[in-house]
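Inside the fold
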Amino acid sequence: QSVLTQPPSASGTPGQRVTISCSGSSSNIGSNSVTWYQQLPRTAPKLLIYSNSQRPSGVPDRFSGSKSGTSASLAISGLQSEDEADYYCAAWDDSLNGHVVFGGGTKLTVL
Amino acid sequence: QLQLQESGSGLVKPSQTLSLTCAVSDGSISSGGYSWSWIRQPTGKGLEWIGYIYNTASTYYNPSLKSRVTISVDRSKNQFSLKLSSVTAADTAVYYCARGGGIGVDVFDMWGQGTMVTVSS
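Residues numbered from 1 in each chain as written. Chains lettered and ligands numbered in written order. Predicted model: local features only at pLDDT ≥ 70, side-chain atom pairs only at ≥ 80, totals over all residues. Heavy atoms only, no water.

1. As for the sheet that holds strand E5 (residues 63–68) of chain A
Residue and element names in this part refer to chain A. Strand order in this open sheet of three strands is E2-E6-E5, and the pairing throughout is antiparallel. Each edge of the sheet is formed by a strand with only one pairing partner; in this case those strands are strand E2 (18–23) and E5. Direction aside, neighbouring strands of the sheet carry axes that sit 20 degrees apart on average. (Pairing = 2+ DSSP bridges. Helix = DSSP H or I, 4+ residues; strand = E, 2+ residues; numbered from the N terminus. Axes fitted to C-alpha atoms, helices over the stretch in contact; angles between N-to-C directions.)

Structure representation (C-alpha cells):
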C-alpha cells in the first residue's frame, strides 16, 4: 500500500488531454512539493515534473503539473503514442524523521 | 553528462546480505548539493525509496527498511554502495541508484539503468 494514492490506470486517444491524480496527506503533499516520473517499458524512470509544476529541460510543454492542498495532478495534452508509460508521483514525507514516498503508479494507455 | 551504473550480485540467498555498488562517471560524487539514493522496484510493482547519503556521510533511510540498510560512499572510487541484510524473497526487485537533492530531496534527475536482484536459495 503506497503512501501516495494514484489510480492504477488511465487511458486516452491520440490528441486528447488526460490527467493523473496523486493524493497524499498533510505530512507529504500538504507540506512539500510534488515530483512526477515517467517510466517507459523496461527502462529506468525519468524525471518529468519537479516542484509541483516545473519541467526539466527537454520535457515537452504538453506535460504539466499542479498541486492543491494534499493532492496533485499531472496533465498530458495532445496525447501521443509515445506517452504510453507508467507515471509515478513522489514527495518528501515529514513523518518518522522524514523519508521519500512514491505513489503506486498509473499505467497510461494510448488507445 | 553524469552517468550511474549499478553492479553487484544478481542472486542472493535468503537471510544473507545483498550488496550493490553504483559507479558514478563523468562527474564527482563529492559535488556539493547532491544526494545519492537507492530505489527499488519489484517486478510489476511500483517504486520504493530505500535511502540516500549526502555530504558523503549523512544518511536517511526508509523507516520500513532502516534496521537492515546501510548506504556508504567511497570517494576514492567515486561510487556509493548499498547493503541490505537478512534478505527475503520480498527483497527481490530491480534496484536503481539515482542522484537527487539538487532541486529537492525527492527529485531524482539521474538514474542508473537498474540491476535485477533475486533472493532465492
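Once you've had a look at it, read on.
2. Some points on the interface of chain A and chain B
At the interface, 22 residues of chain A touch 21 residues of chain B. Taken over both partners, the interface formed by chain A and chain B buries close to 1700 Å², and the fraction arising from carbon and sulfur atoms is 67%. Put simply, chain A and chain B have zero salt bridges between them. Inspection of the chain A/chain B interface yields seven residue pairs in polar contact (both at pLDDT 80 or more). Sorting the residues of the side of chain A that touches chain B by element identifies strand E3 (34–39), strand E7 (85–93) and strand E8 (99–102) of chain A as the ones contributing at least two each. (Contact = heavy atoms within 4.5 Å. Buried area = accessible area lost by both parts, 1.4 Å probe. Salt bridge = Lys/Arg side-chain N within 4 Å of Asp/Glu carboxyl O. Polar contact = N/O pair within 3.5 Å; in protein donor to acceptor, adjacent residues only side chain to side chain.)

3. Some points on the environment of isoleucine 29 of chain A
Residues and elements named next belong to chain A. With respect to the helices and strands, the residue isoleucine 29 is situated in the loop between E2 and E3. The class for isoleucine 29 is buried, based on a relative accessible area of 0%. Spatially, the C-alpha atoms of isoleucine 29 and valine 100 are 11 Å apart, while their sequence positions differ by 71 residues. With sequence-adjacent residues up to four places away left out, isoleucine 29 is seen in contact with Leu4, Cys22, Ser23, Gly24, Val34, Lys67, Gly69, Thr70, Ser71, Ala72 and Ala91. (Buried < 20%, exposed > 50% of the residue type's maximum accessible area, 1.4 Å probe, protein only.)

4. Quick notes on the nonpolar core
In terms of nonpolar packing, the biggest core is built from 26 residues, with Leu18, Trp38, Phe80, Leu82 and Tyr95 of chain B touching the most fellow members. At the level of secondary structure, the elements contributing two or more residues to this core comprise strand E3 (18–25), strand E4 (35–41), strand E5 (48–54), strand E7 (69–74), strand E8 (79–84), strand E9 (93–100) and strand E11 (115–119) of chain B. Considering each element in turn, this core owes the most residues, four residues, to E3 of chain B. Excluding residues that lie within four positions of it along the chain, leucine 18 of chain B makes contacts with Val12, Leu82, Lys83, Leu84, Val87, Tyr95 and Val117 of chain B. In terms of nonpolar packing, the next biggest core, distinct from the first, is built from 23 residues, Ala10, Val34, Phe63 and Ala91 of chain A among them. (Core = buried A, V, L, I, M, F, W, Y, C linked by side-chain atoms within 4.5 Å.)

5. Side note on the packing of aromatic side chains
All names here are of chain A. Applying the stated rule across the entire model yields 14 aromatic pairs over all chains. For the ring pair tyrosine 37 and phenylalanine 102, a centre distance of 6.2 Å and an interplane angle of 55 degrees mean the geometry is tilted. Taken as a pair, tyrosine 37 in strand E3 and phenylalanine 102 in strand E8 lie far apart in primary sequence, 65 residues in all. The exposure classification of tyrosine 37 matches that of phenylalanine 102, with both residues buried. (Phe/Tyr/Trp six-rings, centres within 6.5 Å; stacked < 30°, edge-to-face > 60°.)

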